[in-house]
Amino acid sequence: MTKRTLFDLAKAKSARPPAPSPSRGGGAVAPEFWRTKTLAQMNEAEWEALCDGCGKCCVISLEDADTGVLYRTDVACKVFDTATCGCSDYPNRKKKAPDCVKLTPKNVPKLDWLPPTCAYRLVAEGRDLYWWHYLISGDRESVHIAQASARNKTRPEGRLKIPGLMKRIVDWPEPLAEPPTQPRKKR
Ligand code: SF4
Ligand code: SF4
């Protein structure tokens, strides 16, 4: 089987960080809400707080239409800013990237292209967050230190079509299983 045959019917997919849902209202963030609430039970503040900022949902994956196997590329949505690891124009994202998908409690369990480390996916699967999530570590840099983010690891989509994207399939690094030990200070 050639590459071309394999990917003939392939679809490019990229997921997007969640958008606030006005129907949930604001609300305070309850302690350890991700362990006690389902996605549907979270208020808007909790829903937004759940995102770890990894940016991996803005990276394009290719799906083999025959087998359903996903291949992750190092190409990000054209609106993604790899240096800040975030959307460069969130309010206008749908205009700039019409296929940008808004995450909801209903669609998260169905979006197989969300990275397995995505906090929404983890909660939907009844799992706990990883050590690097800032809600656990208290540090928003942890996700980058753990190599669990897309920061500075992507190139923009530009005019790449499927054949060009196929050349950009990469193995993303496995996130660190635990925090790196700090080098001892010299006395
Ligand atoms: S946790 Fe990461 S993958 Fe999930 S929505 Fe936030 S940025 Fe995207
Ligand atoms: S438009 Fe923004 S939020 Fe949507 S995929 Fe692109 S970078 Fe991510």
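The rules we used
Residues numbered from 1 in each chain as written. Chains lettered and ligands numbered in written order. Predicted model: local features only at pLDDT ≥ 70, side-chain atom pairs only at ≥ 80, totals over all residues. Helix = DSSP H or I, 4+ residues; strand = E, 2+ residues; numbered from the N terminus. Buried ≥ 20, exposed ≤ 12 C-beta atoms within 10 Å, placed from the backbone. Contact = placed C-beta atoms within 7 Å. pLDDT = per-residue confidence, 0-100. Near = placed C-beta within 6 Å. Nonpolar A, V, L, I, M, F, W, Y, C, P; charged D, E, K, R; others polar. Core = buried A, V, L, I, M, F, W, Y, C linked by C-beta atoms within 7 Å. Pairing = 2+ DSSP bridges.

1. Considering the overall build of the protein chain
Summing up its helical and strand segments, the protein chain has eight helices and six strands in all. Mapped from its N terminus to its C terminus, the protein chain presents α and β elements in the order α-β-α-α-β-β-β-β-α-α-α-α-β-α. The buried share of the protein chain, reckoned over its 187 residues, is 30%. Residue pairs at least 24 apart in sequence account for 66% of intrachain contacts in the protein chain once pairs closer than 6 positions are excluded.

2. A closer look at the confidence of the model for the protein chain
Chain-level pLDDT for the protein chain is 87 on average; 84% of the residues reach the 70-or-more range. Scored below 50 in pLDDT, residues 1-11 makes 15 contacts in the model with residues more than four places away or belonging to other chains. Contacts from residues 17-23, a stretch scored under 50 in pLDDT, to residues over four places away or in other chains number 14 contacts.

3. Notes on the site of ligand 1
Taken together, 15 residues surround ligand 1, and among them C51, C54, C57, C118 and A119 come closest. Its residues assigned to classes, the shell around ligand 1 shows 11 nonpolar, two polar and two charged.

4. Let's talk about the nonpolar core
In terms of nonpolar packing, the biggest core is built from 33 residues, with L50, C58, A76, Y120 and V123 touching the most fellow members. Of all the secondary-structure elements, those providing two or more residues to this core are helix 2 (33-36), strand 2 (59-63), strand 3 (70-76) and helix 5 (119-124). Residue contributions to this core peak at four residues, all from helix 5.

5. Some words on the environment of H144
Turning to its location among the elements, H144 is positioned in helix 7 (residues 142-145). For the pair H144 and D52, spaced 92 residues apart in the sequence, the C-alpha separation amounts to 10.0 Å.

6. Some words on unusual backbone geometry
At E32, a position not held by glycine, the phi torsion is positive, near 50°. Relative to the elements of secondary structure, E32 occurs in the loop between strand 1 (11-13) and helix 2. One non-glycine residue with positive phi stands out, namely C85, at about 60°. Note that C85 resides in the loop between strand 4 (80-81) and strand 5 (86-87).

7. With respect to the pairing of strand 2
For strand 2, the tally of buried residues reaches four of five residues, placing the bulk of the element in the interior. Where strand 2 hands over to strand 3, the hairpin turn is made up of six residues, of which G68 adopts a positive phi near 80°.

8. What to know about the environment of L39
With respect to the element layout, L39 can be found in the loop between helix 2 and helix 3 (44-49). Looking at L39, the number of C-beta atoms within 10 Å reads 20, which means it is buried. The contact partners of L39, leaving out residues within four places of it in the chain, are P105, V108, Y120, V123 and A124.

9. Structural notes on the pairing of strand 3
Pairing between strand 2 and strand 3: four bridges, direction antiparallel. Note that in strand 3 the partner of L62 across the bridge is Y71. The pairing of strand 3 with strand 6 (residues 155-156) spans two bridges and is parallel. Residue pairing for strand 6: A76 is matched across the bridge by P156.

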